[in-house]
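# Structural characterization, general
The lines below spell out each chain.
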Amino acid sequence: MSARSIVLKMQAIVFVLGMFLIVSVSSEVHAQFIHPKIKSKETTIRNVVILPAKVNVVRDSMKGPEGMAAESDELSGRVVAMCAEVLAKKKNINTLPVATTPAEGSAQEQQYSVADFQTKFDDLLPKIMKKRSDVKNGRFSMGDEVLNLNLDKRADAIIFIRGEGKKLTGGKTAFRLLVGGGTPAYLNLQIAIVDARSGDVLLYTDPDLYGDPTTAVDRLRKAMEKDFKKLPDVKP
């Protein structure tokens, strides 16, 4: 065996061990954090409204990261659809449309309200991510101003989704295999379920997956099923 072959073999071994370590650490770090009201069954989630997700994906090439606006929009929509599918099939939770049939002239007001609360969630998210376990103590809330969203009155909760991911080009993938190092292709999501009346954060979870995020379907489904596992099922 030539010296080059030995080096390539060692690099492959290091890569595999590195991926194993990443997955192991990820399984320990990522978890579901649930509000006491959910655990005690004081609050039951039967119907949810999923606000538009904001998932940003970049293409990592030998030239550096490049934005993928169209792919990010497509993936954001797929994440929302998959979230609704998993909740329906695994938890018997129904997803209601964001837009209701408000009185004439108030449709635009609802759009502004949704945009405003998306911004408020963006402000709250870093605090949640810093001390995720505090969700279990009921310490995070967006306040009862969520009622101003004027959502379907059947809604028990509102779901906010954020995320970021990276897709590797063929050249960057080959480079990583040969040289080692660098971050693999991935998708990391942050999902919060908020009480539609009180604004309390009832659940926070951050599913992730490895591989091209723009083609993730089954991998995305499995990641969400895993991270909604502790959310109580709704009895028909």
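Okay, so let's go over this structure. Keep in mind that what you see is a predicted model, and the values were worked out from it rather than measured. (Residues numbered from 1 in each chain as written. Predicted model: local features only at pLDDT ≥ 70, side-chain atom pairs only at ≥ 80, totals over all residues. Heavy atoms only, no water.)

This next bit is on the pairing of strand E3 (residues 54-61). Side chains on a regular strand alternate between the two faces of the sheet. Pairing between E3 and strand E6 (residues 157-168): 7 bridges, direction parallel. Each bridged residue has a counterpart across the sheet, and for Val-55 the counterpart in E6 is Gly-163. Direction of pairing for E3 relative to strand E4 (residues 64-67): antiparallel, over a ladder of 4 bridges. Paired with Arg-59 across the bridge in E4 is Glu-66. Where E3 folds back onto E4 in an antiparallel hairpin, the turn is made up of 2 residues. (Pairing = 2+ DSSP bridges. Helix = DSSP H or I, 4+ residues; strand = E, 2+ residues; numbered from the N terminus.)

Below, the discussion takes up the packing of helix H3 (residues 69-91) against helix H6 (residues 218-227). It is the contact of H3 with H6, at a shortest axis distance of 10 Å, that shows an interaxial angle of 50 degrees. Viewed along their axes, H3 and H6 adopt a mutual orientation that is oblique. Viewed along their axes, H3 and H6 form a crossing whose handedness is right-handed. Seen from H3, the contacting residues are Arg-78, Val-79, Met-82, Cys-83, Glu-85, Val-86 and Lys-90; seen from H6, they are Leu-220, Arg-221, Met-224 and Glu-225. Partitioned by chemical class, the residues of the contact of H3 with H6 number 6 nonpolar, no polar and 5 charged. (Axes fitted to C-alpha atoms, helices over the stretch in contact; angles between N-to-C directions. Parallel < 35°, antiparallel > 145°, perpendicular 65-115°, else oblique. Left-handed = near helix turned anticlockwise from the far one by under 90°. Contact = heavy atoms within 4.5 Å. Nonpolar A, V, L, I, M, F, W, Y, C, P; charged D, E, K, R; others polar.)

This brings us to the pattern of salt bridges. Scanning the entire structure with this criterion turns up 18 salt bridges. The salt bridge involving Glu-85 is made with Lys-89; its shortest N-O contact spans 3.8 Å. With a gap of 4 residues between them, Glu-85 and Lys-89 both fall in helix H3, about one helical turn apart. You can call Glu-85 partly exposed: its relative accessible area is 25%. With a relative accessible area of 65%, Lys-89 lands in the exposed category. A salt bridge links Asp-233 to Lys-91; the nearest nitrogen and oxygen atoms lie 3.0 Å apart. In this pair, Asp-233 is assigned in the segment after H6 and Lys-91 in helix H3, connecting sequence segments 142 residues apart. Since its relative accessible area comes to 52%, Asp-233 is described here as exposed. A relative accessible area of 8% means that Lys-91 is categorised as buried. Where salt bridges share partners, they join Glu-85, Lys-89, Asp-218 and Arg-221 into one cluster. (Salt bridge = Lys/Arg side-chain N within 4 Å of Asp/Glu carboxyl O. Buried < 20%, exposed > 50% of the residue type's maximum accessible area, 1.4 Å probe, protein only.)

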